[in-house]
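Observations on chain architecture
These are the residues of each chain, in order.
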Amino acid sequence: ISLTRCNAVSSNSSSTLVPELADIDWDTVGFGLKPADYMYVMKCNIDGEFSKGELQRFGNIEISPSAGVLNYGQGLFEGLKAYRKKDGNNILLFRPEENAKRMRNGAERMCMPAPTVEQFVEAVTETVLANKRWVPPPGKGSLYVRPLLMGTGAVLGLAPAPEYTFIIYVSPVGNYFKEGVAPINLIVENEFHRATPGGTGGVKTIGNYAAVLKAQSIAKAKGYSDVLYLDCIYKRYLEEVSSCNIFIVKDNVISTPEIKGTILPGITRKSMIDVARTQGFQVEERNVTVDELLEADEVFCTGTAVVVSPVGSVTYKGKRVSYGEGTFGTVSKQLYTVLTSLQMGLIEDNMKWTVNL
Ligand code: COI
């Protein structure tokens, strides 16, 4: 079982030396790094051109202490998942071109060159195939794919870095929250904010995630699963949770905060809206107030890592409101089932969202 290919890697991953599945306990995979075999590395020169990337053994990288990403936070990341289909052999990617486009938008905001959509999707495909034995068996999770784009060229004065590196690494993952698929408990944050109008809240820059660690740590120490942020001007409108987007359901109408520069345009969010509409639900993207949240019938979160997570309770200014009875709400459950069945290849993909590897 410990056989692996070594050194150079061809893009054809079906080497006979690679065992079908990595030798780990697939029943206890959570959301932590389990280093796989290979990572993809592609460099961009001073002219903003990406050379052909290559697969390398997963491992540490060397960059200058003066790299733009280390000094001025010039970095972006993405997240997408690959699922092993029921037949055990085929692998499905979920909307990788959407991640590519989002990285390109973010790169524009952060003054970075970015891989083309084609380069991005090809790199993801190569990386997943090279690490195929790390894609969990059906029903045991997914392979989380983490593309990174960062300014690795040296700077001292504040300026865009002269060189960039695009890396993709992967890890098998299970449930994001320790609650598993059970409802999570959120606290509405009234002091700290995640994003400001005109800032970078709408792109997946690394600094957005460092900015939420403080509130998240305080919340976790008090037993909450995560933090829900409000807008920084009125402190009244829902924005997003540290790691995912938020939806409420009231009288079968589904509402989610609209994308307006301070909220990450989640690919699961967007897919969920389309799934809900095709299932006949009315979906509204608009300003959603914290009062509406407290009066909702159901609340749920969406994200690549999180997938769809029911919210069991929300605490706001010391008042705790509970939803459901420790399980998924009816609407959230229906949408979760359709979306995940699509992602795992259990139903026909009428949306043409999945890419079969
Ligand atoms: C994802 O859902 O892929 C994310 O990037 C969120 C991250 C905090 C795990």
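Residues numbered from 1 in each chain as written. Predicted model: local features only at pLDDT ≥ 70, side-chain atom pairs only at ≥ 80, totals over all residues.

Concerning the environment of alanine 130
Under the convention used in this document: Going along the chain from the N terminus, every DSSP run of H or I of four or more residues is numbered as a helix, and every run of E of two or more is numbered as a strand. In this scheme the burial state of a residue depends on its C-beta neighbours within 10 Å: 20 or more other such atoms mean buried, 12 or fewer mean exposed, and anything in between means partly exposed; the C-beta positions come from the backbone.
Here alanine 130 shows up in helix H3 (residues 117–130). Taking the C-beta count within 10 Å as the criterion, alanine 130 has 26 such neighbours and is therefore assigned buried. Residues alanine 130 and alanine 36, spaced 94 residues apart in sequence, show a C-alpha to C-alpha distance of 9.4 Å.

Brief notes about the UniProt feature "modified residue: N6-(pyridoxal phosphate)lysine" (unreviewed entry) in the chain
Our working rule: UniProt positions are given in the numbering used here, feature names are shortened, and annotations may be inferred rather than shown by experiment. It is the C-beta atoms, placed from the backbone, that decide contacts: two residues are in contact if theirs lie within 7 Å.
When the UniProt feature table is mapped onto this chain, "modified residue: N6-(pyridoxal phosphate)lysine" (unreviewed entry) is found at Lys204. You can see lysine 204 is positioned in the loop between strand E8 (184–188) and helix H4 (206–210). If sequence neighbours within four positions are ignored, lysine 204 has contacts with Leu76, Phe77, Glu78, Arg102, Gly106 and Leu264.

So, the pairing of strand E4 (residues 80–84)
What counts is decided by this rule: Strand pairing requires that DSSP identify at least two bridges connecting the strands.
Taking burial as the measure, the five residues of E4 include five buried ones, the bulk of the element. Burial along E4 is two-sided: Leu80, Ala82 and Arg84 and Lys81 and Tyr83, pointing in opposite directions, are all buried. Pairing analysis gives three bridges linking E4 to strand E6 (residues 142–151), with the strands arranged antiparallel. Across the sheet, residue leucine 80 finds its bridge partner in E6, namely valine 145. Inspection of the sheet shows E4 paired to strand E5 (residues 91–94) by three bridges, in the antiparallel sense. Across the sheet, the residue bridging to arginine 84 is isoleucine 91, located in E5.

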